[in-house]
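# Structure assessment
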Amino acid sequence: MTTPALPSDELHDVRHLFTAVDHVGIAVPDLDAAIAFYRDTYGMRVLHEEVNEEQGVREAMVGVGDPASNPTGSCLQLLAPLSPDSTIAKFLDRSGPGLQQLAFRVDDVEHVADVLRGRGLRLLYDAPRRGTSGSRVNFIHPKDAGGVLVELVEPAVGPPGGH
């Protein structure tokens, strides 16, 4: 009698899920002050800034290092609340300014979400939502990820790091 086939390698090989660390999200009470700090103190530059009404934030993607030495385009995402009842405002009230999330870049956010659900993880949304620069995003519940809010980011079509 033969041993039953193991589930496909796809379920056990996590290399296919995440292609890079996309960004680290930092909650800030004042986006302009945070931008000035990261620019003047660390020499970083804003690559993209927008208001995302759906997520309740004004945000800026800040480039880390020289693009030549950062081929994956990893960034810091500065997030300021648009209103006192936004998720970021609640985070700031509860935890103060600081690290709010870790975001992994993925090729297909729906596929990765399905695989992770199959592994017993809860995601915050049933379907992806709009993220920065037209990306598609979903989040792994922090209680299922060691207390870390993990964002899955499928970038909009364009060059890597084109936040």
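Cut-offs and rules
Residues numbered from 1 in each chain as written. Predicted model: local features only at pLDDT ≥ 70, side-chain atom pairs only at ≥ 80, totals over all residues. Heavy atoms only, no water. Salt bridge = Lys/Arg side-chain N within 4 Å of Asp/Glu carboxyl O. Helix = DSSP H or I, 4+ residues; strand = E, 2+ residues; numbered from the N terminus. Buried < 20%, exposed > 50% of the residue type's maximum accessible area, 1.4 Å probe, protein only. 1 Å grid on protein atoms, 1.4 Å probe; cavity = no way out; pocket = protein on both sides within 12 Å on 5 of 7 lines; lining within 4 Å. Points joined across faces, edges and corners; volume = space filled by probe spheres on them. Nonpolar A, V, L, I, M, F, W, Y, C, P; charged D, E, K, R; others polar. pLDDT = per-residue confidence, 0-100. Contact = heavy atoms within 4.5 Å.

Side chains that differ in charge, positive against negative, can pair when their charged atoms come close. Tallied over the entire structure, the rule returns 10 salt bridges. For the salt bridge of Asp-32 with Arg-58, the shortest nitrogen-to-oxygen distance reads 2.7 Å. One end of the pair, Asp-32, is in helix 2 (residues 31-42); the other, Arg-58, is in strand 3 (residues 57-63), and 26 residues separate them in sequence. Given a relative accessible area of 47%, Asp-32 falls into the partly exposed group. Between Asp-144 and Arg-122 there is a salt bridge, and its shortest N-O distance comes to 2.9 Å. Of this pair, Asp-144 sits in the loop between strand 7 (136-140) and strand 8 (150-154) while Arg-122 sits in the loop between helix 4 (109-118) and strand 6 (129-130), and the two are 22 residues apart along the sequence. Given the relative accessible area of 42%, Arg-122 is considered partly exposed. Here the salt bridges share partners, and the residues they tie into one network are Asp-32, Glu-49 and Arg-58.

A word on unusual backbone geometry. One non-glycine residue, Ser-133, adopts positive backbone phi at about 55°. Given a relative accessible area of 26%, Ser-133 falls into the partly exposed group.

Roughly 590 Å³ of internal volume is contained in the largest pocket. In terms of lining residues, the largest pocket is bounded by 32 residues, among which Thr-87, Ile-88, Gln-100, Phe-139 and Leu-149 are the most central. Among the secondary structure elements, those contributing two or more residues to the lining of the largest pocket are strand 3, strand 4 (75-81), helix 3 (87-95), strand 5 (98-105), strand 6 and strand 7. Per-class residue counts for the lining of the largest pocket are 14 nonpolar, 11 polar and 7 charged.

What follows deals with the confidence of the model for the protein. In the predicted model, the protein carries a mean pLDDT of 88, and the fraction of residues at 70 or more is 87%. Confidence drops under pLDDT 50 across residues 1-6; counting only partners more than four residues distant or on other chains, this segment forms 0 contacts. Confidence drops under a pLDDT of 50 for residues 159-163, and excluding neighbours within four residues, the segment shows 11 contacts in the predicted structure.

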